[in-house]
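Architecture and fold: a report
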Amino acid sequence: MTGPSALLTERMLLLAAPDRAGLIAAIDAVDPESPPSGPTHPGPGPRLGLFDPTPERLATARRLVAKGRPVRRRSDLWFSPEPLLTRGGGLAFVFPGLEGEFAPRIDDVAEHLGLPAPDAATANLVQHGAAVLAVGRLLDAAVRRLGIRPTAVAGHSVGEWAAMIAGGIVSGAEFDAMVAGSDLDAMRVPGVEFAVLGCPADRVHGELARFPGVVISHENSANQTVVCGPEREVADVVALLRSRSVICQTLPFRSGFHTPMLKPYLGYFREGVPSLRMRPADVPVWSATTAAPFPDDPAAARELCLRHLVEPVRFRHLVTALHGAGVRAFVLLGPGQLGSLIEDTLQHDVPDGGFLVIPANSPQRSGMDQLRRCAVALWTEGAEPDFTALDPPAPSRRDGIAQLAVLGETLPLAAEMATFLTHTAESVATVLRAAHPGTSVPAYREVLDVSLRAMPYLRDHCLMRQRPGWPQDEDLRPVVPATTIVTHMIEAAERAYPGLIAVAVEDVRFHRWLLAVPPRRVEIGVEHRGAERVQVQLGEYAEGTVLLGARRTPASEGAWAPGAGERLPELTAPQIYEQGWMFHGPAFQGLTRSIAVSRTTMRGLITVPAAPGALLDNLGQFLGQWLVENQRDRWIALPARIARIDLHGPEPEPGQLVECSLHVTGLDQDSVTVDGRLCRNGTPIMTVRGWADRRFDSDDRGGAVHRQPATSTVAERHPDGWWWAAERWHTLASRELYLQRYAGHEECAEYERLLPTRRRAWLLELVVIKDAVRGWLWDRGAGPAYPAELRVQRDASGRRRVSGQHGLDVPDLDVAAAHHGDVAAALVRPVGSDPAPEVGITPWDGRDGTRITNPLSSRAYRVTSTRGDLS
């Protein structure tokens, strides 16, 4: 960890050269320890933008530049051999509409701009709509502050209103007043429902003839359409298309927007829109109703504004029309999935067109960090953003210490004086903060080094098991425990306010796994939030509020009483580890005795481990045992948030015994929530409220793969010699857990480079191929084999090749694989077998072939395959 006052600036590398050879030479000349801080070699030619230019990432960049293909989807790396915008390409700002997940990261952006942070509340339709508009407008201002100007603006659904404001057609203040005076919640067509269908609109049109009440409300992309209609008819449409292997999902919105059914409910809008003053646009505003620019005529613009509410959103047509008009860069001014719709459409409709889609905001990182990435991506395509607009405000001329520090670079006396004044100021501030804990103080920053070298105990906290001695740390997925993150938050808050100690932690949210490989440096920011409360942000990974005080308060009650209906646990504490129910190694293994369990409670003893945060982690492990004892079909769970932790006293020393009690307060398919109390000799030392774990799919077969990955398979062997695998994951989070179980780090990177629509089938085939090959090896006496010990690739001819990794001997095999819907099959034979292996899957139609059924979805399929010598 660096000095506590260090302000972290992400290392950013921008390189341009007249040609690729020059760009490679420029990469080779970069000093990873001291990369250039700003754009170098500005001018025409290929460009490269990269964050965190470590030697490994520079080597990757060099390879990608040598290949010459543009890179616009890779994490934190962009490369353009022929920048799109230097060839006359246009740039569009695109505003998202209402989406189920709305988690903007905009507080730091608003602070940077000196503007109030928008209210992101979404409790009702009015609040949700207003929040989407406000966030879009804030991001519009932020991107324009970078000197980026759009050549067109557009939006999806209510995002079109934000586009009208951004393009100058209507005043933001007047539109806000009209929306505030409306009752959007009253604009709901009773009894209707939306459903999103994973197929194009032309296919849906053909199916809707049998459902006269259902209409298309959104033509979102080449592979996504939304329909709306009476709830029962929509359910029938969904059932029909699902039977035809189309992915369908009903949506939580029930407004009837963008359908003729809304006409009787327009009310205030029909009266309010004519009162708006309409002006010709400053920047062309493209409508998703017409897939064309708004008309200049005010009356025609008002009419189009109303049509937008009752006619379908033709977003696919809008995107292709913008591309046809020359737009090549799409900047998304809000969080959400809109970028996937644009990419899906352009990949399908304009396969050789070339485009960049970049969000200006993302729930995965802070608002300013994402703005930096947006600027770098656009620079790589030929834009010239003003990167200095992203810098923190420079010290004011009144900041004498800062000026002295600058002078100190050349005048030693000034440096000594700056040091003396700084120490004096810190001492005075410490005294004043202790006396007046509510006093506002500047933000505090420090940097946390996250790596196996800095945190060697993480070798005992790896999400994935691999063969002992496995040389690739990436495949182990060493991750900082959520409870260790809480410890770092507490310690940072206490360092920011010397003399005070943490007495509680509130509203802790874990956004992403914080992996230790590759090594990374994570900024911890501490912001004052009122009397004795500080907000702590740990990079893009977690956030929470720490409550500070002079001393901790003992709990008002003692240890919790045993729960009703308790029984002896089926598993002892040692068995929890021995049988692989937990992934924790010795440094985190504190469960000592599992005393009792019931339908809602769990009690046990913990021997405090030495690793940071391990005591609280063991409370979570007892929650894991409760799930194993009571919920065997979905027992895998990982922390997502904690409502509150009260710290009653100092944490016991490692090796001491602590009593743990849990009360389950909430349980559904996706999550489990508990309260917990830790006591030392009957005296409470810590109380936890609202600890919520996200649950993952883990039935018997899937769970066995996670517990004994070297000897268990997701796929099943058919008597005819082929293997088949069914999706055992309902959610994207569960799918990615299986991905990490089966794919090595190179395969994970390959997965990330795929279009989202391709990833599902890719993973299924990877699973079934690896299980089929492992089965073939086991039949011939091979010992346990982890999935990561196999590497699946295609050779130049397209043939699948499976090789062993780091010592596993795999002979040359012929591998056939196929997938359809949510199943896949594979057949493995020695090279040269006659006949060569072939396998195919189609929906079950009663013809010859073997019928298989996915037990989770009940979908049936026909498998055809070659037969022959199985030896």
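**Some words on the sheet that holds strand E1 (residues 12–16)**
- The strand order E1-E2-E3 describes an open sheet built from three strands, whose pairing is antiparallel. Of all the strands in the sheet, just E1 and strand E3 (77–80) have a single pairing partner and so form its edges. Ignoring strand direction, the axes of neighbouring strands in this sheet form an average angle of 5°.
- Where helix H13 (residues 367–380) meets the sheet, its contacts fall on E1, strand E2 (47–51) and E3, and the angle it forms with E2 comes to roughly 165°.

**Description of the pattern of salt bridges**
- Going through the model one piece at a time under the given rule, you end up with 43 salt bridges.
- Taking the shortest distance from any N to any O, the salt bridge between Arg 801 and Asp 812 comes out at 3.2 Å. One end of the pair, Arg 801, is in strand E28 (residues 800–804); the other, Asp 812, is in the loop between E28 and strand E29 (813–820), and eleven residues separate them in sequence.
- Classification of Arg 801 by relative accessible area gives partly exposed; the value is 34%.
- Residue Asp 845 is joined to Arg 862 by a salt bridge in which the shortest nitrogen-to-oxygen separation is 3.3 Å. A residue pair is termed long-range when its members are at least 10 positions apart, and Asp 845 in the loop between strand E31 (839–843) and strand E32 (850–853) and Arg 862 in strand E33 (residues 860–865) qualify at 17 residues.

**Focus on the packing of helix H5 (residues 159–166) against helix H10 (residues 298–310)**
- Between H5 and H10, the shortest axis-to-axis distance is 11 Å and the interhelical angle comes to 160°. The angle between H5 and H10 falls in the class roughly antiparallel. In this structure, H5 meets H10 at a crossing whose hand is right-handed. Along the contact surface, H5 presents Glu 160, Trp 161 and Met 164, while H10 presents Cys 305, His 308 and Leu 309.
- Looking at side-chain class alone, the contact of H5 with H10 contains four nonpolar, one polar and one charged residues.

**Re the side chain of Arg 603**
- Mapped onto the secondary structure, Arg 603 falls in strand E20 (residues 601–607).
- Here Glu 566 takes part through its side chain, which lies 2.8 Å from a polar atom of the side chain of Arg 603.
- Not counting residues up to four positions away in its chain, the partners in contact with Arg 603 are Pro 562, Glu 566, Ser 594, Ile 595, Ala 596, Cys 660 and Ser 661.

**Description of H5**
- Extensive coverage of H5 is indicated by the burial of eight of its eight residues.
- Buried residues of H5: Gly 159, Glu 160, Trp 161, Ala 162, Ala 163, Met 164, Ile 165 and Ala 166, and no others.
- Backbone geometry just downstream of H5 places Gly 168 in the positive-phi region, at approximately 90°.

**Things to note about the pairing of E1**
- Along E1, five of the five residues are buried, which leaves the element largely enclosed by surrounding structure.
- Burial along E1 is two-sided: the face carrying Met 12, Leu 14 and Ala 16 and the face carrying Leu 13 and Leu 15 are both buried.

**A look at unusual backbone geometry**
- In this chain, Val 517 is followed by Pro 518 through a cis amide linkage whose omega measures 0°.
- Here Pro 518 lies in the loop between strand E15 (501–510) and strand E16 (520–528).
- Cis peptide bonds are those with omega within 30 degrees of zero, and the linkage from Asp 834 to Pro 835 qualifies with 0°.
- When you line up the elements, Pro 835 lands in the loop between strand E30 (823–830) and E31.
- For Asp 52, which is not glycine, the phi dihedral falls at a positive 50°.
- For Asp 52, the position within the fold is in the loop between E2 and helix H2 (55–67).
- Given the relative accessible area of 31%, Asp 52 is considered partly exposed.
- Within the chain, Arg 477 stands out as a residue other than glycine whose phi angle is a positive 55°.
- With respect to the helices and strands, Arg 477 occurs in the loop between strand E14 (444–450) and helix H16 (482–496).

**Observations regarding the confidence of the model for the chain**
- Of the residues in the chain, 88% reach a pLDDT of 70 or more, and the chain-wide mean stands at 86.
- Of the regions scoring below 50 in pLDDT, residues 1–8 engages in 20 contacts with residues more than four places distant in sequence or in other chains.

**Observations concerning the sheet that holds E33**
- If you walk across this open sheet you meet the three strands as E31-E33-E32, and the pairing is antiparallel. Each edge of the open sheet carries a strand with a single partner, namely E31 and E32. Geometrically, the sheet is characterised by an average inter-axis angle of 35° between neighbouring strands, direction not taken into account.

**Some words on a positive patch on the surface**
- Judged by side-chain charge, Arg 63, Lys 67, Arg 69 and Arg 753 come together as a positively charged surface patch.
- Within the secondary structure, Arg 753 sits in helix H21 (residues 745–753).
- The exposure class of Arg 753 is partly exposed, given its relative accessible area of 46%.

**Let's talk about the packing of aromatic side chains**
- If you walk through the whole model with that rule in mind, you get five aromatic pairs.
- Summarising the aromatic geometry, the rings of Phe 51 and Trp 78 are spaced 6.5 Å apart at their centres and angled 75° between planes, so their arrangement reads as edge-to-face. Linking Phe 51 in strand E2 with Trp 78 in strand E3, this pair joins segments that are 27 residues apart in sequence.
- Here the aromatic rings of Tyr 751 and Trp 762 are separated by 5.8 Å at their centres, their planes lie at 55°, and the arrangement is tilted. Of this pair, Tyr 751 sits in helix H21 while Trp 762 is found in helix H22 (residues 756–779), placing the two residues eleven residues apart along the sequence.
- Residue classification places Tyr 751 among the buried residues on the basis of a relative accessible area of 0%.
- Note that Arg 707 overlies the ring of Trp 581, its terminal NZ or CZ placed 3.8 Å from the centroid.

**A word on the nonpolar core**
- Core analysis: the largest hydrophobic core is formed by 81 residues, its most contacted members being Leu 538, Ile 645 and Leu 678.
- When residues in this core are grouped by element, the largest group, nine residues, is from helix H18 (residues 614–630).
- Discounting residues that sit within four places of it in the chain, Ile 645 has contacts with Val 486, Val 503, Ala 504, Val 505, Leu 616, Met 686, Thr 687 and Val 688.

**A look at the packing of helix H1 (residues 20–28) against H2**
- Running from N to C, H1 and H2 cross one another at 175°; their axes reach a closest spacing of 10 Å. On the basis of their axis angle, the class for H1 and H2 is roughly antiparallel. Contacts between H1 and H2 involve Arg 20, Leu 23, Ile 24, Ile 27 and Asp 28 on the former and, on the latter, Leu 58, Ala 61, Arg 62, Val 65, Ala 66 and Lys 67.
- A per-class count over the contact of H1 with H2 returns seven nonpolar, no polar and four charged.

**Observations concerning the state of the cysteines**
- Across all of its chains, the model carries zero disulfides by this definition.
- In this model Cys 660 remains outside any disulfide bridge; the closest cysteine sulfur is found in Cys 679, 9.1 Å from its own.

**What about the environment of Ala 162?**
- Mapped onto the elements, Ala 162 comes out in helix H5.
- The class for Ala 162 is buried, based on a relative accessible area of 1%.
- In the structure, Ala 162 is positioned 29 residues away from Leu 133 in sequence and 5.5 Å away in space, judged by C-alpha atoms.
- When neighbours within four sequence positions are excluded, Ala 162 is seen to be in contact with Phe 95 and Leu 133.

**A few points about the environment of Thr 866**
- When you line up the elements, Thr 866 lands in the segment after E33.
- Considered as a pair, Thr 866 and Ala 816 are 50 residues apart in the sequence and their alpha carbons are 9.9 Å apart.
- Excluding its chain neighbours within four sequence positions, the residues that come into contact with Thr 866 are Leu 827, Arg 829, Pro 835, Ala 836, Pro 837 and Glu 838.
- Within the structure, Thr 866 has its side chain in polar contact with the backbone oxygen of Ala 836 (distance 3.4 Å).
- Here the side chain of Thr 866 touches Glu 838 through a polar contact of 3.0 Å, landing on its backbone nitrogen.

**Some details on the side chain of Asp 617**
- Mapped onto the fold, Asp 617 is located in helix H18.
- For the buried residue Asp 617, which engages in no salt bridge, the nearest side chain bearing the opposite charge is Arg 465, 12 Å off.
- Excluding residues within four positions of it along the chain, Asp 617 makes contact with His 461, Pro 481, Thr 483, His 584 and Phe 588.

Rules and cut-offs
Residues numbered from 1 in each chain as written. Predicted model: local features only at pLDDT ≥ 70, side-chain atom pairs only at ≥ 80, totals over all residues. Heavy atoms only, no water. Pairing = 2+ DSSP bridges. Helix = DSSP H or I, 4+ residues; strand = E, 2+ residues; numbered from the N terminus. Axes fitted to C-alpha atoms, helices over the stretch in contact; angles between N-to-C directions. Contact = heavy atoms within 4.5 Å. Salt bridge = Lys/Arg side-chain N within 4 Å of Asp/Glu carboxyl O. Buried < 20%, exposed > 50% of the residue type's maximum accessible area, 1.4 Å probe, protein only. Parallel < 35°, antiparallel > 145°, perpendicular 65-115°, else oblique. Left-handed = near helix turned anticlockwise from the far one by under 90°. Nonpolar A, V, L, I, M, F, W, Y, C, P; charged D, E, K, R; others polar. Polar contact = N/O pair within 3.5 Å; in protein donor to acceptor, adjacent residues only side chain to side chain. pLDDT = per-residue confidence, 0-100. Patch = residues over 30% accessible without salt bridge, like charges linked within 9 Å, V, L, I, M, F, W, Y side chains within 5 Å. Areas by Shrake-Rupley, 256 points an atom, 1.4 Å probe, with all protein chains shown as cover. Lys, Arg positive; Asp, Glu negative; His and termini not counted. Charge placed at Lys NZ, Arg CZ, Asp CG, Glu CD. Phe/Tyr/Trp six-rings, centres within 6.5 Å; stacked < 30°, edge-to-face > 60°. Lys NZ or Arg CZ within 6 Å of the ring centre and 35° of its normal. Core = buried A, V, L, I, M, F, W, Y, C linked by side-chain atoms within 4.5 Å. Disulfide = S-S within 2.5 Å.

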